[in-house]
Amino acid sequence: VAKTTKALIKSEVFGSGSESTIDIAPGVDCSAILAIVYGIGQVGHHFVKDSFNNFVADPLKESLTDSAISAAGLEGVAHSYTAASNDAVKHASKLNRTARFFHDTFFK
């Protein structure tokens, strides 16, 4: 049986029991079982990636950005930009709600 590179790396890092074997009885529809197993694997992969981004990468990026803005003396400009950006989002949201109201009221 040929193993993928990923399987070989997992075997070396986690030991020989790192691969999954699924025994399915004859006559059983295996598609639901395999979908569950693959789904659990996907959720685990995204959970680890999202956790790393939320608790390590994003705070580090924000800290570096704040440090660069502070070092350049642009705190006032950054604050003004943030306020203007938040106002633009608020007004765009109001415009979107108004457009949705007119669409739902007159065109449905």
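Since the structure is predicted, the reported quantities are computational estimates derived from the model, not experimental observations.

What counts, and where the lines are drawn
- Residues numbered from 1 in each chain as written.
- Predicted model: local features only at pLDDT ≥ 70, side-chain atom pairs only at ≥ 80, totals over all residues.
- Heavy atoms only, no water.
- Helix = DSSP H or I, 4+ residues; strand = E, 2+ residues; numbered from the N terminus.
- Rg over C-alpha atoms; globule rule 2.2 N^0.38 Å.
- Buried < 20%, exposed > 50% of the residue type's maximum accessible area, 1.4 Å probe, protein only.
- Areas by Shrake-Rupley, 256 points an atom, 1.4 Å probe, with all protein chains shown as cover.
- Lys, Arg positive; Asp, Glu negative; His and termini not counted.
- Charge placed at Lys NZ, Arg CZ, Asp CG, Glu CD.
- Phe/Tyr/Trp six-rings, centres within 6.5 Å; stacked < 30°, edge-to-face > 60°.
- Patch = residues over 30% accessible without salt bridge, like charges linked within 9 Å, V, L, I, M, F, W, Y side chains within 5 Å.
- Salt bridge = Lys/Arg side-chain N within 4 Å of Asp/Glu carboxyl O.
- Expected span 1.5 Å × (residues − 1).
- Bend = angle between axes of the 7 residues up to and from the residue.
- pLDDT = per-residue confidence, 0-100.

K.L.:
How would you sum up the overall build of the protein? Please name residues and give values.
P.N.:
The secondary structure content of the protein amounts to three helices and zero strands. Of the regular secondary structure in the protein, the N- to C-terminal order runs α-α-α. The globule rule puts the C-alpha radius of gyration for 108 residues at 13 Å, and the 26 Å found for the protein is more than 25% above it. Taking the principal axes of its C-alpha atoms as reference, the protein extends roughly 65 × 55 × 20 Å. Counting across all 108 residues of the protein, residues that qualify as buried make up 3%. For the protein, the exposed area adds up to about 9400 Å²; of that, 64% sits on carbon and sulfur atoms. With 10 positive and 11 negative side-chain charges, the protein shows a separation of 9 Å between the mean positions of the two kinds.

K.L.:
Tell me what's going on with the packing of aromatic side chains, and back it up with residues and numbers.
P.N.:
Scanning the model with the defined rule gives two aromatic pairs in all. Measuring from ring centre to ring centre gives 5.6 Å for Phe 101 and Phe 102, while their planes differ by 70°; the resulting arrangement is edge-to-face. With a centroid separation of 5.7 Å and 20° between ring planes, the pair formed by Phe 102 and Phe 106 is classed as stacked. Here Phe 102 and its partner Phe 106 are both found in helix H3 (residues 75-106), four residues apart, which amounts to about one turn of the helix. Of the residues examined, Phe 106 reaches a relative accessible area of 53% and is grouped as exposed.

K.L.:
Could you give an account of a positive patch on the surface, with specific residues and numbers?
P.N.:
Among the surface-exposed residues, Lys 90, Lys 94, Arg 97 and Arg 100 lie close enough to one another that they form a single positively charged patch. Position of Arg 97 relative to the elements: it lies in helix H3.

K.L.:
Break down helix H2 (residues 30-72) for me, citing the residues and quoting the values.
P.N.:
For H2, which comprises 43 residues, the first-to-last C-alpha distance of 60 Å matches the rise-based estimate of 63 Å (1.5 Å per residue) to within 8%. Remark: the principal bend of H2, roughly 40°, maps to Asn 53. A positive backbone phi angle near 75° is found at Gly 73, which sits one or two residues after H2.

K.L.:
Outline the environment of Pro 59, supporting the account with residue identities and numerical values.
P.N.:
The topology assignment puts Pro 59 in helix H2. Sequence spacing of Pro 59 and His 45 is 14 residues, and the spatial spacing of their C-alpha atoms is 21 Å.

K.L.:
Explain the confidence of the model for the protein to me, using residue names and the numbers behind them.
P.N.:
In this model, the protein carries a mean pLDDT of 81, and residues with pLDDT of at least 70 account for 91%. Within the protein, the lowest mean pLDDT, 75, falls on helix H1 (residues 5-14), and the highest, 88, falls on H3.

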